Amino acid sequence: MLWFTEYYSGEGMDLKGTGLTIKVKNALTTKTPFQEIMLLDTEDFGKMLVLDGAIQTTEKDEFIYHEMIVHPAFFTLGRKPEKVLVIGGGDGGTVREVIKHNPEKVEMVEIDREVVEFAKKELPSISCALDDERVELIFDDGREYIKGKENLYDVIIVDCSDPIGPSKVLYEEEFYKDAFRALKDDGIFVTQSESPFAQNKVHKKVVRELQKVFSIVRPYFAFIPTYPSGMWSFTIGSKILDPLAVNPEELLGKVSSLEKSAGKLKYYNSQIHYGAFAVPNFIYEEE
């Protein structure tokens, strides 16, 4: 029996002497021009995708991350989406949740083709929507892809890895400005924004940079067992729509309608929608 440990260290990490260790039954490893991919068959979390030593997703808890990066934004939009852009998200889980809202078109821009092919083969329950006819897979640098686009997207989702290597530019003000221009007037931007406990400085930087660009910025939180500290954040940026201004009765009805057509959600619900935006005091107490 093997054991895998993700050590919480490196750029942007506030925890230096901590990690997560998980029992592994077997492992598959490959290298791409961008990173090392590992697929671990674990005892407690099922199959686990690891990129450059960092856990990205597991079969057991992936639903939390993927539901929360998608549904608060789409229910804030409050209408049928026409065109959606996903940057990153090579495992396919974000696209799977987006498709539940029946968009006309989804563009997914992933820099590493081999991650997508790996997920299609090894993680079918997560990657199952990548072959949907409404999904266009684009293998490119998301930062470059979005430049020059204007008034195109209803929702832009940034499902990126930690701010090191190719992903670092996805945490900068200039990228957020490009995303702002690429959104329609009532469009919604959402990004994963790291652990406010384990990566507090990085999290606060994301929020600050978004506040320079968007008139409405709302960080929100979820609890994902295999991510550093278990506490994770996402942040919405919008020109005019506030997720906390969504009508509760209308939201309840829309969530119920989605579940009837697309199946029950496992984490997100109408109460979570509002509660997730409640901010613990410690996160910004040093501001």
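### Observations regarding the sheet that holds strand β6 (residues 83-88)
Then, number 1: Strand order in the open sheet formed by 7 strands is β8-β7-β6-β9-β10-β12-β11, with mixed pairing between adjacent strands. Each edge of the open sheet carries a strand with a single partner, namely β8 (135-139) and β11 (216-223). Each strand axis lies, on average, 15° off the axis of its neighbour in the sheet, ignoring direction.
Then, number 2: Two strands pair when backbone bridges link them, and β6 and strand β9 (residues 153-159) are joined in this way by 5 bridges, in the parallel orientation. Bridging from a neighbouring strand, Val86 pairs with Ile157 of β9.
Then, number 3: The strands touched by helix α3 (residues 113-122) within the sheet are β7 (105-110) and β8, with β8 carrying the most contacts at an inclination of about 135°.

### With respect to the sheet that holds strand β1 (residues 2-8)
Then, number 1: The strand order across the open sheet built from 5 strands is β1-β2-β3-β4-β5, with neighbouring strands paired in antiparallel fashion. Of all strands in the sheet, those with a lone pairing partner are β1 and β5 (54-58), marking the two edges. Adjacent strand axes in the sheet meet at a mean angle of 45° when their direction is disregarded.
Then, number 2: For β1 and strand β2 (residues 18-31), the ladder comprises 7 bridges, and the chain directions are antiparallel. Each bridged residue has a counterpart across the sheet, and for Tyr8 the counterpart in β2 is Thr18.
Then, number 3: Those strands touched by α3 are β2, β3 (36-42) and β4 (46-51), and its axis lies near 20° from that of β3.

### Let's talk about the nonpolar core
Then, number 1: The biggest cluster of nonpolar side chains holds 41 residues, and the ones touching the most others in it are Val95, Ile157 and Phe234.
Then, number 2: The contacts of Phe234, once residues within four sequence positions are left out, are Tyr65, Met68, Ile69, Val190, Thr191, Gln192, Ser193, Arg218, Pro219, Tyr220, Ala222 and Ile224.
Then, number 3: Among the nonpolar cores identified, the runner-up in size contains 25 residues, and Tyr171, Ala182, Leu210 and Val213 belong to it.

Rules used throughout
All residue numbers here refer to positions counted from 1 along the written sequence of the relevant chain. Local features in this predicted model are restricted to residues whose pLDDT is 70 or higher, and side-chain atom pairs enter the listing and the counts only when it is 80 or higher, whereas totals over whole chains, interfaces and linings include all residues. Derived side-chain values reflect all non-hydrogen atoms in the structure, with water molecules and hydrogen atoms excluded from consideration. Any two strands are treated as partners once DSSP identifies two or more bridges connecting them. Runs of H or I in DSSP of at least four residues are treated as helices and runs of E of at least two as strands, each being numbered from the N terminus. Fitting a line to C-alpha atoms yields each axis, with helices limited to the stretch in contact; the angle taken between N-to-C directions then spans 0 to 180 degrees. In this description, contact between two residues means that some pair of their heavy atoms is separated by no more than 4.5 Å. Nonpolar cores are built from buried Ala, Val, Leu, Ile, Met, Phe, Trp, Tyr and Cys residues. Side-chain atoms within 4.5 Å join them into one set. Summary of the burial criterion: residues with accessible area below 20% of their type's maximum are buried, those above 50% are exposed, and those between are partly exposed, where the area comes from a 1.4 Å probe applied to protein chains only.

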